[in-house]
Amino acid sequence: MKYKPLYPLLTATVYLTLSASAWSYPFESFLKPLYRPSDQSPLTNLPNLAMPSSSADNADSTVSAGVMLSDVMGRVQNIAIFSGLTRDIDTVDARLDDATKNVTVLAPDNGVMKSLKRKPWEDPNDYNTFGKNAYDGGEGEDRAHRNLRRFVEAHIVPQSPWKEHSKIKTLAGKEIWYEVKDGKKTIQPGDVEVVSVAEKLLFLGTTSNTITMNFDADNLLICITCGTQFDIQYEEAPETCRICDDPRQYVPAGGQQWTRFADLRGKYKNNFTQDKVDERIWSITTDPKCGIGERAILLQTPSGNVLWDLITYLDEETVEFINSKGGLSAIVISHPHFYTTHIEWARTFSCPVYLSAEDSQWLNRADPYNHRKLISVPTETIVEGVTAIKTGGHFEGSLVLHWDKKLFIADSLYTVPSAYYHKDRQPGTTSYSFMWSIPNMIPLPPNKIHDIWKALKPFKFEATYGGFPGQDVHREDLKEQVLESMKIQVRGEGHRESGILEESW
Ligand SMILES: [Zn+2]
Ligand SMILES: [Zn+2]
């Protein structure tokens with residue numbers, strides 16, 4: 001199978017740049033004297049979407065991705081005038097910053113804004129009532145601001161995605177819809193042509209209301225320490241990585257460092273190691289170490305291939321290897337330390353990527369093609385025989401994966417050195433530890449450990465595969481060892497009464 005470029009340009013719907021027929025009034029210095037009265041003839045209609053014009057030379061805007069929508073819009077030069085207005089309207093500004101709400105912004109381009117016959121804060125009725133000084137003084141400014149609000153709200157649709165012919169009210173209360181005819185998209189009523197469609201605005205969690213538009217993923221920011229990719233251009237790197245800032249990770253002694261795919265390519269290589277016990281299982285690791293040095297694990301199941309957890313680095317050789325094994329039916333990621341570049345993996349293999357809904361606040365990229373499936377139930381069947389089990393603990397939504405008496409445990413259960421050799425073990429010898437922070441060695445409390453046990457108890461397993469190469473343990477009584485390790489840790493933390501101490505397997 002021929003390898004296709006990993007990162008095609010993205011298109012979808014987030015804001016639409018509108019255009020209309022040419023009105024010729026100049027509209028200079030729009031932003032500064034915002035409430036300046038105008039001597040232009042007022043129109044009779046309210047400001048709305050039916051803005052005339054024609055120029056189509058403003059399509060294909062290129063902006064940075066992954067920051068607050070208002071920031072992104074601010075960088076799209078051909079809608080700069082309208083973007084400036086949205087910042088002045090608190091209801092709109094707040095909505096664009098509200099991660100729980102999807103929004104489609106109908107952004108008139110600068111040409112349209114400049115050719116408006118009257119300014120967005122002007123209303124002919126005001127001139128009729130108050131004369132030509134209608135916008136002077138405190139009251140005049142209030143009046144202008146109300147009109148401006150109405151204008152901006154008329155361009156905000158509180159929904160995304162937004163289906164063709166689906167009638168929806170703008171924030172200003174006007175009912176609109178869109179149609180596609182002869183390949184042209186128009187907003188109705190008013191026949192307003194959409195000259196460019198940017199990107200679907202996808203609000204993912206509480207902090208990741210990101211927008212992705214016409215960018216090249218090669219240049220997206222990747223944290224060197226944790227391997228997480230962000231919807232932020234390399235040149236616009238923030239000071240720190242929020243995954244590494246979290247107490248469950250760390251920033252190395254040298255401080256925060258960033259990279260991008262463009263710099264990784266050619267310097268790394270992925271290795272594919274077949275499991276010694278079960279040849280249907282492959283560990284995929286990156287050499288030299290990339291990110292936290294974890295592994296992804298390919299499971300060749302009769303119902304389709306599943307990739308458990310992820311590594312950052314992806315190249316043509318890796319795509320060819322996985323495709324030679326039958327491609328991927330699904331990717332499942334245990335927790336945010338393995339989110340890495342999952343949007344690129346999912347797009348490359350055209351497969352869903354399963355993650356816990358509880359941890360969606362840690363997502364750092366938009367998902368323009370809806371590859372993500374957020375698991376909000378205790379267990380989820382990925383393909384027949386393969387079950388994602390929510391254990392919580394390390395992260396609220398931490399997952400393990402169960403397949404054919406095997407448990408893929410990532411960081412939910414952390415395999416310790418004593419796990420590998422079992423002969424004549426002394427009492428008190430653990431096989432696993434249960435950690436809130438692994439690098440900083442902060443253990444989980446008894447109730448969280450008990451919750452992990454309750455999640456695992458219904459499942460049979462005789463092998464565990466940890467998040468890092470070599471963390472494989474095979475033993476018939478492994479489930480008993482998990483419980484034993486839990487009890488050892490809880491007692492070691494000084495607890496003599498805990499539900500987990502009462503459990504038997
Ligand atoms: Zn990081
Ligand atoms: Zn972790």
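The shown structure was predicted, so the numbers you read here are calculated from the model rather than taken from an experiment.

### Section: the overall build of the protein chain
Right, on to step 1. Counting secondary structure elements, the protein chain contains 13 helices and 29 strands.
Right, on to step 2. Taking all 505 residues of the protein chain together, the buried fraction comes to 46%.
Right, on to step 3. Of the contacts formed within the protein chain by residues at least 6 apart in sequence, a portion of 63% connects residues at least 24 apart.

### Topic: helix H10 (residues 342–349)
Right, on to step 1. Counting buried positions over the 8 residues of H10 gives 8, a clear majority of the element.
Right, on to step 2. Those residues of H10 that fall on the buried side of the exposure criterion are His342, Ile343, Glu344, Trp345, Ala346, Arg347, Thr348 and Phe349.
Right, on to step 3. Looking at the buried positions of H10, the neighbouring elements they touch are helix H9 (316–324), strand S17 (330–332) and strand S18 (353–356).
Right, on to step 4. Where H10 ends, the next residue or the one after it, Ser350, has phi of about 45 degrees, a positive value.

### A short note on the nonpolar core
Within soluble globular proteins, side chains that are nonpolar tend to cluster in buried spots.
Right, on to step 1. Among the nonpolar cores identified, the biggest contains 78 residues, and Ile297, Trp308, Ile331, Val332, Tyr354, Leu401 and Phe408 are the most heavily contacted of them.
Right, on to step 2. Per-domain counts for this core show at least three residues from each of domain 2 (217–264) and domain 3 (269–502).
Right, on to step 3. Leu85, Val105, Leu116 and Tyr135 belong to the second largest nonpolar core, which has 29 residues in total.

### Side note on the pairing of strand S13 (residues 269–274)
Right, on to step 1. Pairing of S13 with strand S14 (residues 281–287), which is carried by 6 bridges, proceeds in the antiparallel orientation. When the bridges of S14 are listed, Asn271 appears paired with Thr285.
Right, on to step 2. Hairpin geometry of S13 and S14 is characterised by an intervening segment of 6 residues between the two adjacent antiparallel strands.

### Points about the packing of helix H11 (residues 446–456) against helix H12 (residues 478–492)
Right, on to step 1. Axis separation between H11 and H12 bottoms out at 10 Å; the angle between their running directions is 170 degrees. One way to sum up the angle between H11 and H12 is to call them roughly antiparallel. Judged by residue contacts, Pro446, Ile449, Trp453 and Leu456 of H11 engage Val482, Leu483, Met486, Gln489 and Val490 from H12.
Right, on to step 2. Of the residues contributing to the contact of H11 with H12, the split by class is 8 nonpolar, 1 polar and no charged.

### Describing the sheet that holds strand S28 (residues 463–466)
Right, on to step 1. Strand order in the open sheet formed by 6 strands is S20-S21-S22-S23-S28-S29, with mixed pairing between adjacent strands. Of all strands in the sheet, those with a lone pairing partner are strand S20 (379–383) and strand S29 (472–474), marking the two edges. Sheet twist, expressed as the average angle between the axes of neighbouring strands with direction ignored, equals 20 degrees.
Right, on to step 2. As judged from the 3 bridges shared by strand S22 (residues 399–403) and strand S23 (residues 406–410), these two strands associate in the antiparallel manner. Considered in S23, the bridge of His402 is made with Leu407.

### Observations regarding the sheet that holds S13
Right, on to step 1. Across the sheet, which stays open at both edges, the 7 strands sit in the order S13-S14-S15-S16-S17-S18-S19 with mixed pairing between neighbours. Each edge of the open sheet carries a strand with a single partner, namely S13 and strand S19 (372–375). Strand-to-strand twist in this sheet, taken as the mean axis angle between neighbours without regard to direction, amounts to 25 degrees.

### Digging into the environment of Tyr414
Right, on to step 1. Here Tyr414 is to be found in strand S24 (residues 414–415).
Right, on to step 2. On the neighbour-count criterion, Tyr414 (20 C-beta atoms within 10 Å) is buried.
Right, on to step 3. The spatial distance from the C-alpha of Tyr414 to the C-alpha of Ser433 is 5.1 Å, given a sequence separation of 19 residues.
Right, on to step 4. The contacts of Tyr414, once residues within four sequence positions are left out, are Tyr432, Ser433, Met435, Ile438 and Gly466.

### Notes on the pairing of S28
If a strand is regular, its side chains alternate between the two faces of the sheet.
Right, on to step 1. Side-chain alternation along S28 places Ala463 and Tyr465 on one buried face and Thr464 and Gly466 on a second face that is also buried.
Right, on to step 2. Two strands pair when backbone bridges link them, and S23 and S28 are joined in this way by 4 bridges, in the parallel orientation. Counted as the bridge partner of Leu407 is Thr464 from S28.
Right, on to step 3. When S28 meets S29, the two strands line up antiparallel, connected through 3 bridges. Considered in S29, the bridge of Thr464 is made with Val473.
Right, on to step 4. In this antiparallel pair of consecutive strands, S28 and S29, the connection spans 5 residues, and Gly470 shows a positive phi of 90 degrees.

### Here's the deal with the confidence of the model for the protein chain
Right, on to step 1. Taken as a whole, the protein chain shows an average pLDDT of 80; of its residues, 77% reach a score of 70 or greater.
Right, on to step 2. With pLDDT under 50 throughout, residues 1–67 is counted as low confidence; its partners more than four residues away or in other chains account for 193 contacts.
Right, on to step 3. Low pLDDT, under 50, characterises residues 198–215; the stretch is placed with 77 contacts to residues that sit more than four places away or in other chains.

### Considerations on the environment of Val192
Right, on to step 1. Examined against the element boundaries, Val192 turns out to sit in strand S7 (residues 192–197).
Right, on to step 2. Residue classification places Val192 among the buried positions, given that 25 C-beta atoms sit within 10 Å.
Right, on to step 3. The spacing of Val192 and Tyr178 is 14 residues in sequence and 9.1 Å in space, taken between C-alpha atoms.

About the cut-offs
- Residues numbered from 1 in each chain as written.
- Chains lettered and ligands numbered in written order.
- Predicted model: local features only at pLDDT ≥ 70, side-chain atom pairs only at ≥ 80, totals over all residues.
- Helix = DSSP H or I, 4+ residues; strand = E, 2+ residues; numbered from the N terminus.
- Buried ≥ 20, exposed ≤ 12 C-beta atoms within 10 Å, placed from the backbone.
- Contact = placed C-beta atoms within 7 Å.
- Core = buried A, V, L, I, M, F, W, Y, C linked by C-beta atoms within 7 Å.
- Domains from an automatic or database assignment.
- Pairing = 2+ DSSP bridges.
- Axes fitted to C-alpha atoms, helices over the stretch in contact; angles between N-to-C directions.
- Parallel < 35°, antiparallel > 145°, perpendicular 65-115°, else oblique.
- Nonpolar A, V, L, I, M, F, W, Y, C, P; charged D, E, K, R; others polar.
- pLDDT = per-residue confidence, 0-100.

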